[in-house]
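The lines below spell out each chain.
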Amino acid sequence: MLHIAGLHKSFFDPGRGEVKAVDGIELQVPPGVVAVMGANGAGKTTLLRLIAGLLEPDSGTIAVAGLDSVRDGDRFRAQLGYLSTSTKLPALATPREFLALIGQLHGLHPAAVAQRLEALVPQFGLADILDQRIATLSTGQAQRVNLARTLLADPPLLILDEPTTGLDVLAAAEVVTAVQRCRDQGRLILYCTHVPAEAQAVADQLLLIGRGQVAYAGTIADLADGGDFAPAVHAILRPAVAS
Amino acid sequence: MNPAVRAIFAKDMRELLRDRRALFVNLVLPVLLYPLLILFSVQVAQLSLAQPRPPPKIGVLATPQVLTALQAGATLPKPKRSARKQAAALPTDPTPVAQYQVVDLTGSSWHPQAVLASVDGPLTAPTRHNLSEFLRSHDLALAVVALDPVALQPAPLPLHPLPPQTTLVVLQDDGNARAPEIAPQVDAVLIGLRQTTLAHWLSASHLDPRLPEPVVVRHHSLATAAEAVRTQAAPMIPFLVLVLAVTAAMYPAIGLLAGEREAGTLETLLSLPIRRRDLVLGKLLVVLCAALVAVIANLLSLSGTLGLLAGQLAAVGTDSPLAGLVSVGAPALLLCLVLLLPVVVAISAAALALSGFAQSTKEAQTYLTPLILVVVFVAMVAVVPGLQPSLALDLLPIGGTLLALRQALQTPEMPWMHIAITTVVNLAVAAVLVGWTAQLFDTERGRYPGLVRAGWGRFARFRRGQSLPGGPEVLGVYALAVAGMVLGGGWLADAPAVVLTMAPLLLFVLLPAWLHSWLGAYPQAVVLGWRAPSGRDLLVALALLPVALGLSFGLGTLQEGWVDVGALQAAGEPVARLVAQLASAGGLPLQLLCLAVVPAICEETLCRGTLLSGLHKSLGPKWAIALSALLFALLHQSPLRLLPQAALGVLLGWLTLRSRSVWPAALVHAGHNALLVAAEVQGWLK
């Protein structure tokens with residue numbers, strides 16, 4: 001599904017000089033839900049942006065379904081749905097208009113968009129809000145629309161970068177439930193979060209990132225050893241943060 | 001239209017129309033602005049008329065005749081500066097109104113005559129201070145003082161001795177705001193007094209009063225007030241259109257990129273499977289539409305308001321100059337819109353690109369304010385009195401077009417050549433800027449300006465040599481070269497032939513190109529084309545030499561069909577003179593060095609090196625060859641040789657891209673020039 005080989009990405013910071021945000025990551029990820037965790041500044045968002053084709057690697061390759069993130073450009077991006085704290089919705093449009101636009105930009109026929117909406121509207125509880133201006137929706141409702149947006153073209157890869165940030169407990173639970181409903185559809189979901197409970201609720205695999213490198217890649221069950229896996233995460237990440 | 005561009009355009013246009021602030025700025029404000037402004041001005045004028053000010057005071061220390069003349073002159077109509085203004089004047093009120101109030105100072109204790117009589121030249125500071133103190137303490141705007149009060153009685157005019165002369169000194173206090181208002185009237189009254197006195201003297205001497213005026217000048221204005229105003233004001237129309245377009249493009253440009261980035265919706269669009277340039281082009285179309293709608297709404301509102309006002313004035317029988325503005329007419333406005341369309345496209349693209357580098361709307365405003373200032377500053381060229389279109393000014397985007405439009409609107413002849421050249425230049429600039437803007441999101445710098453900061457950070461990294469320059473950057477180098485050639489040509493006009501031929505090329509053509517590559521730490525083999533060519537490429541170049549000469553001579557001969565041959569010969573005279581001077585200074589080797597080798601190296605480095613490589617990066621090979629060829633031709637500042645040189649430029653551009661080196665093109669260029677020099681020396685051209 002997702003193949004990452006020799007991935008490097010650095011930034012030039014006037015104060016710190018060269019900063020290695022992603023430093024030689026190698027990954028082969030099959031379909032499923034993978035929780036991505038790490039300390040602030042560990043390189044998670046950079047990694048996800050690289051996978052989403054928003055940033056370009058200094059070296060290395062990223063491939064999804066045989067398509068390269070740089071070489072195949074828009075065809076590569078057609079394979080994924082990307083949601084982050086900075087992918088908001090236009091306030092003056094309605095969810096119906098916005099989702100129709102997304103379908104159009106994915107090259108879907110209006111009839112196909114309507115068909116997908118028939119499936120997504122009940123899944124995300126959008127029936128009552130479909131024709132309201134997005135500006136009038138609550139943050140949780142808007143995030144559900146956003147999730148529906150990422151799934152509209154039924155992509156094989158879903159990248160969710162902290163999708164519950166800024167949401168209250170109930171809205172966050174709604175989002176987690178919505179993500180749980182997307183599992184087991186043969187796609188890969190990369191779910192980045194700082195909340196261990198969320199990770200445990202949606203994912204069975206865990207990817208820990210520390211200082212731009214893979215600190216752990218495996219199952220949550222192995223790490224938790226039958227209980228809470230947060231202490232193990234802390235134990236793995238602390239040396240990376242301290243150094 | 002590309003479906004993705006259409007979808008983005010529809011989405012952004014819908015959001016713009018739903019945004020009440022945008023609607024207000026781009027539609028409501030332009031429509032309401034002029035009616036409200038004019039209504040406000042009329043109200044202010046009416047309020048001003050309803051509160052008549054007391055006339056300013058003037059002090060008179062002179063004979064009763066002078067006093068009487070000034071008192072009588074107070075109610076005369078104000079003198080007009082020109083016949084046009086007289087024609088444009090509204091009907092005067094039949095009730096005479098005093099323009100000033102006369103204060104007789106004869107009985108006062110003020111006697112400045114002795115001080116004034118002793119002054120020969122400007123007043124000293126203490127004297128000026130004392131005099132102004134008196135005027136200000138008595139609230140006098142000016143004072144008329146007779147130095148030696150002599151009764152101006154009519155008497156026979158003896159030739160010897162002459163009657164005593166009266167000197168009247170006018171002391172004007174320009175610190176009083178109303179002094180300049182009445183000074184012309186006081187002068188007119190005193191000149192009238194002089195003429196009346198002279199007429200009396202002549203009459204008393206039985207001489208014809210017409211004696212001092214052997215020539216009488218009369219002036220008749222043939223144009224109506226409306227026509228005169230139209231001629232004066234019409235050139236402002238293109239300036240107005242441009243300024244309106246720039247200001248109207250700003251709001252949507254800021255909102256559509258910086259605004260979206262600030263609202264967090266841009267990354268959503270960037271993650272979609274569309275070409276990122278389609279995303280930018282869709283937004284550019286929205287900015288362009290918004291600018292054009294605002295301009296059209298502005299002009300319609302202005303025309304409507306002036307038309308209504310002119311109609312109201314006509315109804316009360318006034319020949320209103322406003323009718324002149326109204327009569328500028330739709331064709332002139334249409335011409336302005338059509339010719340300025342590429343400029344508006346270019347400005348919209350630049351505004352969008354600058355907005356794209358900003359992380360917030362506030363930051364975008366900071367970037368765009370200088371753009372507005374630069375555009376308005378360049379556009380001011382069009383309002384410089386007496387400036388005529390020229391080839392050098394045609395190359396100035398915006399300014400050249402406005403100048404050509406000014407001439408088109410002011411004179412019956414259309415400056416077609418200037419219009420054509422400025423349009424080509426504007427189209428080229430628009431193409432480069434649109435190409436540059438379209439690539440905005442192709443780079444991380446454009447997608448995440450917060451990660452790779454633009455601005456001073458970019459300048460600091462300018463010498464890192466991480467990439468190749470693009471179209472706008474190399475056009476900047478070219479603009480520097482043109483400015484140097486135009487200005488330097490004037491400075492070096494009297495220099496010896498060797499300096500005159502080589503210095504501008506080395507200083508203003510080669511040096512900017514080399515400095516640019518050095519400052520940017522760009523690979524000179526790529527950016528300047530200074531790469532060793534293969535032997536095969538040199539052979540191709542030699543084979544192309546006859547083709548180059550054929551193009552040059554063939555198109556030159558063809559051109560003689562529609563170009564004034566006399567002008568062509570006249571244009572060739574300075575070159576022939578240079579050839580002769582170089583021959584006497586150093587013979588054929590110096591001629592070939594100055595006119596063939598150095599021009600070939602310098603011009604090829606700039607045009608086929610810097611320009612072609614940058615344009616190739618932004619526009620692709622075909623447009624890069626075409627545009628660099630045109631700019632190469634324009635660099636020579638000779639309209640009569642434009643076509644042959646442009647054709648030669650295409651050939652040399654193709655050769656350079658083929659060989660990835662400027663040296664084959666330089667070989668053809670030098671060979672071509674050398675044969676032209678030989679032809680001139682041998683007299684073959686005659």
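Along each chain, residue indices are assigned from 1 in the same order as the chain's sequence is written. By the order in which they are written, chains take letters starting at A while ligands take numbers starting at 1. Where local features are concerned, this predicted model is filtered to residues with pLDDT of at least 70; where side-chain atom pairs are given and counted, the filter is 80 or more; whole-chain, interface and lining totals use all residues. Water and hydrogen atoms play no part in the side-chain values, which are based on all heavy atoms of the structure.

A. Looking closely at the overall build of chain B. Note on conventions: DSSP H or I runs of at least 4 residues are helices, E runs of at least 2 residues are strands, and numbering of each starts at the N terminus. Along the backbone of chain B there are 27 helices and four strands. By sequence separation, contacts in chain B at least 24 residues apart represent 77% of the contacts at least 6 residues apart. Methods summary: accessible areas were calculated by the Shrake-Rupley approach with a probe of 1.4 Å, and residue burial reflects only the protein chains presented. For chain B, the exposed area adds up to about 34,100 Å²; of that, 67% sits on carbon and sulfur atoms. Residues are treated as being in contact if the distance between any of their heavy atoms lies within 4.5 Å.

B. Looking closely at the packing of aromatic side chains. Residues and elements named next belong to chain B. Between 30 and 60 degrees the pair is tilted, below 30 it is stacked and above 60 it is edge-to-face, where a pair is any two Phe, Tyr or Trp rings, Trp via its six-membered ring, whose centres lie within 6.5 Å. A full pass over the atoms with the stated rule returns four aromatic pairs over all chains. A ring pair is formed by Trp110 and Phe134, whose centres lie 4.0 Å apart and whose planes are at 10°; its orientation type is stacked. Highlighted residues: Trp110 in the loop between strand 2 (101-104) and helix 5 (113-118) and Phe134 in helix 6 (residues 125-137), separated in sequence by 24 residues. Comparing Trp110 with Phe134, the two get one shared label, buried. Aromatic pair Trp514 and Trp518: ring centres 6.2 Å apart, planes at 10°, arrangement stacked. Within this pair, Trp514 and its partner Trp518 are both found in helix 21 (residues 497-519), separated by four residues, close to a single helical turn. Three exposure classes are used, based on accessible area relative to the maximum for each residue type with a 1.4 Å probe and protein chains only: buried under 20%, partly exposed in between, and exposed over 50%. Trp518 gets classed as partly exposed once you look at its relative accessible area, which sits at 41%. Sitting over the ring of Phe632, Arg608 keeps its end group 4.2 Å from the ring centre. Whether a charge sits over a ring comes down to the Lys NZ or Arg CZ being within 6 Å of the ring centre and within 35 degrees of the ring normal.

C. Expanded view of the sheet that holds strand 2 of chain B. Residue and element names in this part refer to chain B. The strand order 2-1-3-4 describes an open sheet built from four strands, whose pairing is mixed. Strands at the two margins of the open sheet, each flanked by one partner only, are strand 2 and strand 4 (168-172). Looking at each pair of strands side by side, their axes are set apart by 20° on average, direction ignored. Where strand 1 (residues 57-61) meets strand 2, four bridges bridge the pair, whose relative direction is parallel. The residue bridging Gly59 from the neighbouring strand is Val103, located in strand 2. The pairing criterion for strands is at least two bridges between them, as found by DSSP. Every axis corresponds to a line fitted to the C-alpha atoms, with the helix fit spanning only the stretch in contact, and the corresponding angles, defined between N-to-C directions, vary from 0 to 180 degrees.

D. Representation of the packing of helix 17 (residues 416-438) of chain B against helix 25 (residues 621-635) of chain B within the structure. All names here are of chain B. Running from N to C, helix 17 and helix 25 cross one another at 140°; their axes reach a closest spacing of 11 Å. The angle between the axes of helix 17 and helix 25 places the two elements in the oblique class. The crossing of helix 17 and helix 25 is left-handed. Across the interface between the two elements, Ile421, Val424, Val425, Ala428 and Val432 from helix 17 touch Leu627, Leu630 and Leu634 from helix 25. Under the scheme applied here, ten amino acids are nonpolar (Ala, Val, Leu, Ile, Met, Phe, Trp, Tyr, Cys and Pro), four are charged (Asp, Glu, Lys and Arg), and all others, including Gly, are polar. Of the residues belonging to the contact of helix 17 with helix 25, the class tally is eight nonpolar, no polar and no charged. Geometric relationships in this document are graded by angle, where less than 35 degrees denotes roughly parallel, more than 145 denotes roughly antiparallel, 65 to 115 denotes roughly perpendicular, and other angles denote oblique. Each crossing is labelled by how the near helix is turned from the far one, with a counterclockwise turn of less than a right angle marking it left-handed and a clockwise turn marking it right-handed.

E. Up close: the side chain of Asp12 of chain B. Within the secondary structure layout, Asp12 of chain B lies in helix 1 (residues 3-18). Sequence-distant contacts of Asp12 of chain B, that is, excluding residues within four places in its chain, are made with Leu256, Glu260, Lys283 and Val286 of chain B.

F. Fine view of the pairing of strand 4 (residues 59-64) of chain A. Residue and element names in this part refer to chain A. Alignment of strand 4 against strand 5 (residues 67-68), held across two bridges, turns out to be antiparallel. Across the sheet, residue Val64 finds its bridge partner in strand 5, namely Leu67. Between the end of strand 4 and the start of strand 5, which pair antiparallel, lie two residues, with Ala65 showing a positive phi angle near 50°.

G. Seen up close, the pattern of salt bridges. Salt bridges are defined as contacts in which a side-chain nitrogen from Lys or Arg sits within 4 Å of a carboxyl oxygen from Asp or Glu. Following the criterion strictly, the structure yields 24 salt bridges over all chains and no others. Asp58 of chain A is paired through a salt bridge with Lys9 of chain A; the nearest N and O atoms lie 3.7 Å apart. Taken as a pair, Asp58 of chain A in the loop between helix 1 (44-51) and strand 4 and Lys9 of chain A in strand 1 (residues 2-13) lie far apart in primary sequence, 49 residues in all. The network of salt bridges with common partners includes Lys11, Asp12, Glu15, Glu260 and Lys283 of chain B.

H. Region of the structure containing the pairing of strand 7 (residues 157-161) of chain A. Residue and element names in this part refer to chain A. Counting buried residues along strand 7, five of its five residues qualify, which places the element largely inside the surrounding structure. Alternating positions in strand 7 separate into two faces, Leu157, Ile159 and Asp161 on one and Leu158 and Leu160 on the other, with burial throughout. Bridge count for strand 6 (residues 80-83) against strand 7 is four bridges, and the pairing is parallel. Following the sheet pairing, Leu80 is matched in strand 7 by Leu157. In this structure, strand 7 lies alongside strand 8 (residues 188-192), joined through five bridges in parallel fashion. Within the sheet, the bridge partner assigned to Leu160 lies in strand 8 and is Tyr191.

I. Just the interface of chain A and chain B, in detail. Each side of the interface is counted separately: chain A has 30 residues, and chain B has 27 residues. Using a 1.4 Å probe, buried area is obtained as the accessible area two parts lose upon being combined, added over both of them. Carbon and sulfur atoms supply 57% of the area that chain A and chain B bury against each other, a total of about 2,700 Å² over both sides. Ranking the residues of chain A by area buried against chain B places Leu54, Arg77 and Leu105 of chain A at the top, with a combined share of 24%. Where chain A packs against chain B, one counts five salt bridges. One salt bridge in this structure joins Arg447 of chain B and Glu56 of chain A, with 3.0 Å as the shortest N-O distance. Under this definition, polar contacts are N or O atom pairs within 3.5 Å; protein pairs additionally need one hydrogen-donor-capable and one acceptor-capable atom, and for neighbouring residues in sequence, both atoms have to be side-chain atoms. If you look at where chain A meets chain B, you find 15 residue pairs in polar contact (both at pLDDT 80 or more). Listing elements by their share of the side of chain A that touches chain B, those giving two or more residues are strand 1, helix 2 (73-77) and helix 3 (95-105) of chain A. The leading source of residues in the side of chain A that touches chain B is helix 3 of chain A, at six residues.

J. Representation of the nonpolar core. The set of buried Ala, Val, Leu, Ile, Met, Phe, Trp, Tyr and Cys residues whose side-chain atoms join them within 4.5 Å is what this entry labels a nonpolar core. Among the nonpolar cores identified, the biggest contains 156 residues, and Ile51, Leu190 and Leu206 of chain A together with Leu242 of chain B are the most heavily contacted of them. The element contributing the most residues to this core is helix 9 (residues 236-263) of chain B, with 15 residues. Among all residues touching Leu206 of chain A, those that are not within four sequence positions of it are Val34, Ala35, Met37, Tyr216, Ala217, Gly218, Ile220, Leu223, Phe229 and Val233 of chain A. If you look at the next biggest cluster of nonpolar residues, it comprises 43 residues, including Leu475, Leu510, Ala513 and Val579 of chain B.

K. Quick peek at the sheet that holds strand 7 of chain A. Residue and element names in this part refer to chain A. An order of 6-7-8-3-9-10 is seen for the six strands of this open sheet, with the pairing classed as mixed. Strand pairing shows two members of the sheet lacking a second neighbour, strand 6 and strand 10 (213-219), which therefore form its edges. This sheet shows a mean twist of 15° between the axes of neighbouring strands, independent of strand direction. Relative to strand 9 (residues 205-210), strand 3 (residues 32-38) runs parallel, the two being bridged by five bridges. Bridged to Val34 within strand 9 is Gln205. Most of the contacts of helix 5 (residues 139-151) go to strand 6, to which it runs at about 160°, and overall it touches strand 6 and strand 7.

These results come straight from atomic positions and should not be treated as a statement about function.
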